[in-house]
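Here's the letter readout for the chains.
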Amino acid sequence: MYFLKSEASFDSAHFLYGYDGKCSNIHGHRWKIEVTVKDLSLQSEGQTRGMIIDFGDLKKALKSMADNFDHALIYETGTLKKDTLECLLRDGFRLVELPYRPTAENLARHFYQLLKESGFNIYNVTVYETPNNCAMFEED
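Conventions used here
- Residues numbered from 1 in each chain as written.
- Predicted model: local features only at pLDDT ≥ 70, side-chain atom pairs only at ≥ 80, totals over all residues.
- Heavy atoms only, no water.
- Helix = DSSP H or I, 4+ residues; strand = E, 2+ residues; numbered from the N terminus.
- Buried < 20%, exposed > 50% of the residue type's maximum accessible area, 1.4 Å probe, protein only.
- Contact = heavy atoms within 4.5 Å.
- Expected span 1.5 Å × (residues − 1).
- Arc of directions from axis to C-beta.
- Polar contact = N/O pair within 3.5 Å; in protein donor to acceptor, adjacent residues only side chain to side chain.

Chemist: Please set out the side chain of Asn-124 residue by residue, giving values where relevant.
Modeler: With respect to the helices, strands and loops of the structure, Asn-124 is situated in strand 5 (residues 122–130). Residue Asn-124 is classed as buried on the basis of its relative accessible area of 7%. Leave out the neighbours within four places in its chain, and Asn-124 touches Glu-34, Val-35, Thr-36, Tyr-112, Met-136, Phe-137 and Glu-138.

Take a look at the structure:
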């Protein structure tokens, strides 16, 4: 089995609605996404001969995902009051609404699914919330 790994980072804020602790307040992270793709064999012809895939294709997809979250407030649907959302939007803040709690675990699954839907043979996705704490998602 061959494996190929790439990573991208983004800065954003989030909060955990209903959490009893510091993370219930808006706070920021330097998130890092590590993606590993796998394949039993290498390409046998063309420009990608001898490769699983072109690193550039994976890096481009990963960067696009990271850029979508960069310098934004990530929040779960229904966790901000209507007038709060209106004020944030009126003042030009960038918001990313998700249908789930914005935890490292859920983000790892989210990025895994996006990359899989884009045609990559994903082995796993790891999302670092801090340099020492991460969550990983892989399918059985």
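Chemist: Describe unusual backbone geometry, naming the residues involved and giving the relevant values.
Modeler: Backbone geometry places His-71, a non-glycine residue, at a positive phi of 50°. Within the element layout of this structure, His-71 appears in the loop between helix 1 (55–69) and strand 3 (73–76). Under the relative-accessibility criterion, His-71 is labelled exposed at 58%.

Chemist: Help me get a handle on helix 1, residues and values and all.
Modeler: Helical geometry: 3.6 residues make up each α-helical turn, so side chains three or four residues apart lie on a common side. For helix 1, which comprises 15 residues, the first-to-last C-alpha distance of 22 Å matches the rise-based estimate of 21 Å (1.5 Å per residue) to within 8%. Regarding helix 1, the residues found buried are Leu-58, Ala-61, Leu-62, Met-65, Ala-66 and Phe-69. One face of helix 1 carries all of its buried residues, which in axial projection span an arc of 130°. As for helix 1, its buried residues are in contact with strand 1 (2–14), strand 2 (27–39), strand 3, strand 4 (95–98) and helix 3 (104–117). For helix 1, the N-terminal capping position is held by Asp-54, with its side-chain oxygen 2.7 Å away from the main-chain nitrogen of Gly-56. Just downstream of helix 1, His-71 is the residue with a positive phi angle, here 50°.

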